[in-house]
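Inside the fold
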Amino acid sequence: MTKETIFFIYLLERFAEYKNKPSYEVLAEWDALELTDFIYDMYEIYHCERLQNAFDDIDALVNEKREGKK
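Keep in mind that what you see is a predicted model, and the values were worked out from it rather than measured.

1. Focus on the overall build of the protein
Along the backbone of the protein there are 5 helices and 0 strands. Counting from the amino terminus, the protein carries its helices and strands in the arrangement α-α-α-α-α. Computed over C-alpha atoms, the radius of gyration of the protein comes to 12 Å, within 12% of the 11 Å expected from 2.2 N^0.38 for 70 residues, which places it in the range of a compact globule. For the protein, the spread of C-alpha atoms along the principal axes amounts to about 35 × 20 × 20 Å. The buried share of the protein, reckoned over its 70 residues, is 31%. Long-range pairs, those at least 24 residues apart, make up 63% of the contacts in the protein with a sequence separation of at least 6. As presented, the protein carries roughly 4,700 Å² of accessible surface, and 52% of it is formed by carbon and sulfur atoms.

Structure (structure tokens):
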């Protein structure tokens, strides 16, 4: 596995804990909102900052996508 994949799995699992949801539900939501690849590609930024900053950014992305689908 690449370092990006390892970090993505870590990020997904920690984000799921933060949201108190199973990781498969979080991933399904990211997939439905077409955010999974974008979040994966944010490795260079997310891995070197506070994890909460990544969570805040992901929350904003999810909310933005949800609003756009209404």
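2. A short note on helix α1 (residues 3–19)
In a regular helix each residue adds 1.5 Å, so 17 residues correspond to 24 Å; α1 covers 24 Å between its end C-alpha atoms and thus fits that length. Positioned one or two residues after α1, Asn 20 has a phi angle of 60 degrees, which is positive.

3. A few points about the packing of α1 against helix α2 (residues 23–32)
α2 packs onto α1 with a crossing angle of 110 degrees between their chain directions and a minimal axis gap of 8 Å. Classified by the angle their axes make, α1 and α2 are roughly perpendicular. Contacts between α1 and α2 involve Phe 8, Leu 12, Phe 15 and Ala 16 from the former and Ser 23, Val 26, Leu 27 and Trp 30 from the latter. Class assignment of the residues belonging to the contact of α1 with α2 gives a composition of 7 nonpolar, 1 polar and no charged.

Parameters at a glance
Residues numbered from 1 in each chain as written. Predicted model: local features only at pLDDT ≥ 70, side-chain atom pairs only at ≥ 80, totals over all residues. Heavy atoms only, no water. Helix = DSSP H or I, 4+ residues; strand = E, 2+ residues; numbered from the N terminus. Rg over C-alpha atoms; globule rule 2.2 N^0.38 Å. Buried < 20%, exposed > 50% of the residue type's maximum accessible area, 1.4 Å probe, protein only. Contact = heavy atoms within 4.5 Å. Areas by Shrake-Rupley, 256 points an atom, 1.4 Å probe, with all protein chains shown as cover. Expected span 1.5 Å × (residues − 1). Axes fitted to C-alpha atoms, helices over the stretch in contact; angles between N-to-C directions. Parallel < 35°, antiparallel > 145°, perpendicular 65-115°, else oblique. Nonpolar A, V, L, I, M, F, W, Y, C, P; charged D, E, K, R; others polar.

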